Amino acid sequence: MRARFSLQSLILFLPLGFLALFYFYPFAAILGFAFFGNGALDLSGFQAIFSDPYYLSVLWFTTWQAALSTLLTVIAALPAAYIFARYQFRGQTLARALTTLPFLMPTIVVAPAFIALFGPRGILNVALMNLFDLTSPPIQLLDTIWIILLAHIFYNYTIVFRIVSTAWANLDPQLGNAARMLGANRPRVFLEITLPLLLPAILAASLLVFIFDFTSFGVILILGGARLVTLEVEIYRTAANLFDLPLAAALSLVQIFFTLIFIFAYTRLQARVTAPARLRPQHITKRALKTLGEKIFVVANLATMLCFLLAPLGVLILQSLQTAQGFGLQNYFALHENTRGSATFIAPTDAIRNSLVFAGVTVALAVALGLLAAYGITRAQKGGGLFDALFLLPLATSAVTLGFGYIIAFSRAPLDFRAAVWLVPIAHTLVALPLVIRSVVPMLRQIRPNLREAAATLGANPTRVFREIDLPIVERAVIVGAVFAFIISLGEFGATTLIARPEFTTIPLAIYRFLGQPGLANYGQAMALSALLMLVSAAAIALMERARVGEGAEF
Amino acid sequence: MLQIQNISKNYNDAPLLRDISFDVADGEIVCLLGPSGTGKTTLLRIVAGLENADAGRVVFDGNNLKNVPPHARGFGLMFQDLALFPHKNVFENVAFGLRMQNASAHEIATRVHKTLELVGLDAAVFAKRDVNHLSGGEQQRVALARTLAPRPRFIMFDEPLGALDRLLRQELANELRALLKRLGLTALYVTHDQDEAFALADRLILLHRGKIQQSGTPLELYTQPTSAFVARFMGLNNLVEIRELETSELETGDWKLRARTEVGVFEIAKERAGKENEFVLPRPRAIERVVEHSARAENVLRGKIVGTQWRGGHQQIVVETRAGKFFFEWDGAVELNRERFFELDAREIQFIAQGEKT
């Protein structure tokens, strides 16, 4: 027993050490700065936050935009959740997979996609201007709350859709029938039976969406303009533009405090959702489309859903092909040209190369550490759950907070890494690690000892058992985890923007820079780079969907 | 032929198996029967080589298997929870053992096809199916096919029908016995369900508290249980503890045993008694007459019929006595709740040992 334990601590040692150095240490640095930023105990930062009308308005805006976004997302996703739970139709699996696409897209792709759709140069405005001979764009959504709400719905639609539709599919239709036999009409059945039973799932999904909207960064920074500022954006500005590190630390702590409360509430709810009262096989809960009304209802819903979720991405490609000379690939060819002739200019192609290198390192690190951690967690006789939760923590920390923590933790002795390029893939690894672990652990748990024993009694020697049982099962989980790590690294914006050195810029940073500069050429290049990032991410996601087996746990 | 020799195994410092020995002859189906937690599965795992015994040997065809790893034993084992490989489809699951024998692709294809048909699955329909999406019964059949396909020289079953409902279990047990006999397979089958064991076994081994309580054909165990434990396990519950025992010689020269109990005196021929006589067991068909007044001094129960029910073409009556309820088959007239004397046939009374306490 003693020997086993030491082997276990050895397996967990590396990932835990990584977590301690690159998560808890920066976290501690933020704590230190928030309370002792100027040497002595100083609470003026917190005082300012809770008395200054400006910060109170930021807090208030952060909260209500998140609440409203969540509410609208739930309303938008409920019909599709019902359709997918109760009806059986062709193309269901594909449509379901397509809904995940927006959620997995980097913010730095989604924001340009919404600019491509609704921006002054966007496809809708151009079409309307041509159609009605207008001189100025009629749709003015940029820098307003509306485009933020739309982008948030677009982003988190699939969370509500998936969680609620799974819960709905597991709901016994017999209960509704019983209520109808007792005299309830359809609306009554929905209000008195369906809704109360679905409520835990809806609440859990809402909380998750709320957390994402509360800490949303790229969407607000790019689409919200100068006036619409959330806590996350404020932390970024205070740290990167105002260099008021103690105040930024205090803001970070306030945000961490709120998110921790939400996450705690979410995990309590989640536990209730994952234990359905009565599971029913699908052929009982699902039925084919029969009446014309049903068909119209389903088709109209699917069309709206897919149009809303896929149009921004499609339009992004269209706009990337639009140049001053009409349709063409010029925007893509221009990616390696120094159009401004500036000496400090770094070509987007260099950013692409940097991003690919960072992504490669992230994948290698996240998979290696994730495998070790997953083996450690599944083999641990005691404390497996604790380690599991520990490794999930980075997921609960916003990207800007993480980047900010790195700035203050690794810019002074004893760990002065300011010049270090590798902090970027390290930060990406930290964000990706929980997802790698999350995809590998259930797979490892699936390999119950009796699978190996069954293989042995069928004549497989121990090497053969590993090759035939362990490897193929874990392999797919590793592919899924690796793709997650790859997409996260390629698209990571919040942390990277704070810690990347200017000469090692990445694709998201280059897109952000292009968006901030005037002129059609810059706009075109931003679109081209975003479209490229989107296509690569989509290809990776497609690879992952193929590797995924069965219906795994959701979120 | 399989020989289990003096196997002992401790679990958490408590003895789980104590000095177990038995043989399984070629072509024989032996059922290990016993309540759960008695070490049946552990014994199976020791035979499979998945666990090591603390003492004793497993010998097959004269060879000690001590140093033979599980994959080299050529045994088949069907697991309680089936252990189908979730990442392989039906065909790949069934083909696994054949691939381990380096069989040719053609041979694998024909053999898998044949085995699937053998267990009652249409190969054309099922070969490509995902094992995770099969019904419980279909998964059982795939697991059986996977175990049979590599032609194991000895096959073991660990409560493979446990998850099914009673009727289906009974049906599959009959089907499985027919199949095993047709293939001439030697098998060791573990179950806690006596009906399943009766349907399957050539020979039963009743295991409890790590020891073999009794072994024999189903008929032997039912007609000649050696202990109160075995009797109860076989569904024979008419047991009365013996308080005093005496031996007497009749004028004819025969020896008789007399047992004094709470509900009267029982007397049987000495040949019908066991080595240890601690309980009286009137068998279900022991009643000769039900009368209002009896002149008999022994082999008579006093009590009232408190219930009747039909069981397999017989009327079963429940007789309440001072020492609790007795169950008999009795097709005569019944008057409920009247004090009566139940005269018993001495040839349907056994004296047996107590055995393990349940």
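Description of the structure in this document.

Scoring rules and cut-offs
- Every residue gets a number counted from 1 within its own chain, in the order that chain's sequence is written.
- Going through the entries in the order they are written, you letter the chains from A and number the ligands from 1.
- The model is predicted, so local features are restricted to residues of pLDDT at least 70 and side-chain atom pairs to those at 80 or more, both for listing and for counting; the totals for chains, interfaces and linings are taken over all residues.
- Where side-chain values are given, they derive from all heavy atoms of the structure, hydrogens and water being excluded.
- Every helix listed is a DSSP run of H or I at least four residues long, and every strand listed is a run of E at least two residues long, numbered separately from the N terminus.
- Whether a residue is buried, partly exposed or exposed follows from its accessible area with a 1.4 Å probe, protein chains only, as a fraction of its type maximum: under 20%, in between, or over 50%, in that order.
- We call two residues contacting when some pair of their heavy atoms lies within 4.5 Å.
- Calculation of accessible area relied on Shrake-Rupley with a 1.4 Å probe; when residues are assessed, cover is drawn exclusively from the protein chains displayed.
- Positive charges come from Lys and Arg alone, negative charges from Asp and Glu alone, with His and the N- and C-terminal ends not counted.
- In this description, the location of a charge corresponds to atom NZ of lysine, CZ of arginine, CG of aspartate or CD of glutamate.
- With axes taken as lines fitted to C-alpha atoms, and helix axes fitted only over the stretch in contact, angles between N-to-C directions fall between 0 and 180 degrees.
- When describing relative orientation, an angle under 35 degrees is termed roughly parallel and one over 145 degrees roughly antiparallel, while 65 to 115 degrees is termed roughly perpendicular and anything else oblique.
- Each residue gets one label: Ala, Val, Leu, Ile, Met, Phe, Trp, Tyr, Cys and Pro are nonpolar, Asp, Glu, Lys and Arg are charged, and the others, such as Gly, are polar.
- Buried area: the accessible area, evaluated with a 1.4 Å probe, that two parts lose upon being put together, summed over both parts.
- We count a salt bridge whenever a side-chain nitrogen from Lys or Arg sits within 4 Å of a carboxyl oxygen from Asp or Glu.
- The definition of a polar contact used here is a pair of N or O atoms within 3.5 Å, where within protein one atom must be able to donate a hydrogen and the other to accept one, and adjacent residues in sequence count solely through side-chain atom pairs.
- Strand pairing requires that DSSP identify at least two bridges connecting the strands.
- Grid points spaced at 1 Å over the protein atoms alone were grouped into cavities, where a 1.4 Å probe fits but cannot get out, and pockets, open sets with protein on both sides within 12 Å along at least five of seven lines, with lining residues defined by an atom within 4 Å of a point.
- Grid points are joined across faces, edges and corners, and a volume is the space filled by probe spheres set on the points.
- When the centres of two rings from Phe, Tyr and Trp lie within 6.5 Å, Trp using its six-membered ring, the rings pair. Their planes under 30 degrees apart give stacked, over 60 give edge-to-face, and anything left gives tilted.
- Sitting over a ring, as applied to charges here, requires NZ of Lys or CZ of Arg to be within 6 Å of the ring centre and within 35 degrees of the ring normal.

## Concerning the overall build of chain B
- Helix and strand counts for chain B stand at 9 helices and 21 strands.
- When the backbone C-alpha atoms are referred to their principal axes, chain B occupies close to 80 × 45 × 40 Å.
- Taken across its 358 residues, chain B has 51% of its residues classed as buried.
- In chain B, the share of contacts with a sequence separation of at least 24, taken over all contacts with a separation of at least 6, comes to 66%.
- Accessible surface, chain B as shown: approximately 17100 Å² in total, 45% of it carbon and sulfur.
- Charge separation in chain B, taken as the distance between the mean sites of 46 positive and 48 negative side-chain charges, equals 3 Å.

## Observations concerning the packing of helix α5 (residues 107-118) of chain A against helix α14 (residues 292-320) of chain A
All names here are of chain A.
- Packing of α5 against α14 leaves a shortest axis separation of 8 Å and a crossing angle of 75 degrees. The orientation of α5 with respect to α14, classified from their angle, is roughly perpendicular. Along the contact surface, α5 presents Val109, Pro112, Ala113, Phe114, Ala116 and Leu117, while α14 presents Pro312, Leu313, Val315, Leu316 and Gln319.
- Of the residues assigned to the contact of α5 with α14, the class counts are 10 nonpolar, 1 polar and no charged.

## Overview of the interface of chain A and chain B
- Taken together, the 20 residues of chain A in the interface contact 22 residues of chain B.
- Here chain A and chain B share an interface that buries about 1900 Å² over both sides, 62% of which is from carbon and sulfur atoms.
- Considering only the surface of chain A that becomes buried against chain B, Thr457(A), Leu458(A) and Glu468(A) emerge as the three largest contributors, covering 34% of it.
- The tally of links from chain A across to chain B stands at 3 salt bridges.
- Measuring nitrogen to oxygen at the nearest pair gives 3.2 Å for the salt bridge that ties Lys88(B) to Glu468(A).
- Scanning the region where chain A abuts chain B turns up 5 residue pairs in polar contact (both at pLDDT 80 or more).
- The set of elements that each furnish at least two residues to the side of chain A that touches chain B consists of α20 (449-457) and α21 (462-491) of chain A.
- Taken together, the residues of the side of chain A that touches chain B sort by class into 10 nonpolar, 5 polar and 5 charged.

## Some thoughts on the pairing of strand β1 (residues 2-11) of chain B
All names here are of chain B.
- Of the pairings in the sheet, the one linking β1 to strand β4 (residues 55-60) comprises 5 bridges and is antiparallel in character. Along β4, the bridge assignment pairs Leu2 with Phe60.
- Direction of pairing for β1 relative to strand β2 (residues 14-24): antiparallel, over a ladder of 7 bridges. By the bridge assignment, Ile7 is partnered in β2 with Ile20.
- Where β1 folds back on β2, the antiparallel hairpin that results is connected by 2 residues, among which Asn12 adopts a positive phi of roughly 50 degrees.

## Considerations on the layout of surface pockets
Residues and elements named next belong to chain A.
- By volume, the second largest pocket is sized at about 640 Å³.
- Lining the second largest pocket are 23 residues, and of these Tyr82, Arg86, Arg186, Val189 and Thr194 lie nearest its centre.
- Counting residues per element, the ones that place at least two in the lining of the second largest pocket are α3 (53-86), α8 (173-181), α9 (186-214) and α13 (282-285).
- In terms of residue class, the lining of the second largest pocket is made up of 13 nonpolar, 4 polar and 6 charged.

## So, the packing of aromatic side chains
Residues and elements named next belong to chain A.
- Within the structure shown, the criterion is met by 37 aromatic pairs over all chains.
- Feature note: the residues Phe18, Phe22, Tyr25, Tyr406, Phe410 and Trp422 constitute an aromatic cluster, connected by ring pairs.
- When the ring centre of Phe514 is taken as reference, the NZ or CZ atom of Arg513 above it lies at 5.8 Å.

## Digging into unusual backbone geometry
- Not every positive phi belongs to a glycine, and Asp133(A) is a case in point at roughly 60 degrees.
- Here Asp133(A) lies in the loop between α6 (123-132) and α7 (145-169).
- In this structure, Asn6(B) takes a positive phi of about 50 degrees despite not being glycine.
- You can see Asn6(B) is positioned in strand β1.
- Residue Asn6(B) is classed as partly exposed on the basis of its relative accessible area of 41%.

## Examining the sheet that holds strand β14 (residues 264-269) of chain B
All names here are of chain B.
- Taking strand neighbours across the sheet as the criterion, the 3 strands line up as β12-β13-β14 in an open arrangement whose pairing is antiparallel. Pairing within the sheet leaves two strands with one partner each, and these edge strands are β12 (244-249) and β14. With direction set aside, neighbouring strand axes in the sheet form an average angle of 25 degrees.
- With 6 bridges joining them, strand β13 (residues 255-261) and β14 adopt antiparallel strand pairing. Pairing of Arg260 across the sheet is with Val265, part of β14.

## What about empty space enclosed by the protein?
Residues and elements named next belong to chain A.
- Inspection of every chain in the model, using the stated rule, returns 2 cavities of 30 Å³ or more.
- Here the largest cavity is characterised by a volume of approximately 50 Å³.
- Tyr23, Pro26, Phe27, Ile30, Thr397, Thr401, Leu402 and Gly405 together form the lining of the largest cavity.
- Contributions of two or more residues to the lining of the largest cavity are made by α1 (2-36) and α18 (399-409).
- At 4 residues, α1 tops the list of elements feeding residues into the lining of the largest cavity.
- Residues that form the lining of the largest cavity fall into these classes: 5 nonpolar, 3 polar and no charged.
- Its volume calculated, the second largest cavity comes out at about 30 Å³.

## Overview of the sheet that holds strand β8 (residues 187-191) of chain B
Residues and elements named next belong to chain B.
- An order of β6-β7-β8-β3-β9-β10 is seen for the 6 strands of this open sheet, with the pairing classed as mixed. Only two strands of the sheet have a single partner each, and these edge strands are β6 (75-78) and β10 (211-216). Taking the axes of each pair of neighbouring strands and ignoring which way they run, one obtains an average angle of 15 degrees across the sheet.
- Two elements, strand β7 (residues 154-158) and β8, share 4 bridges in a ladder whose sense is parallel. Across the sheet, the residue bridging to Met156 is Leu188, located in β8.
- Lying on the sheet, helix α5 (residues 136-148) is in contact with β6 and β7; it crosses β6 at an angle near 170 degrees.

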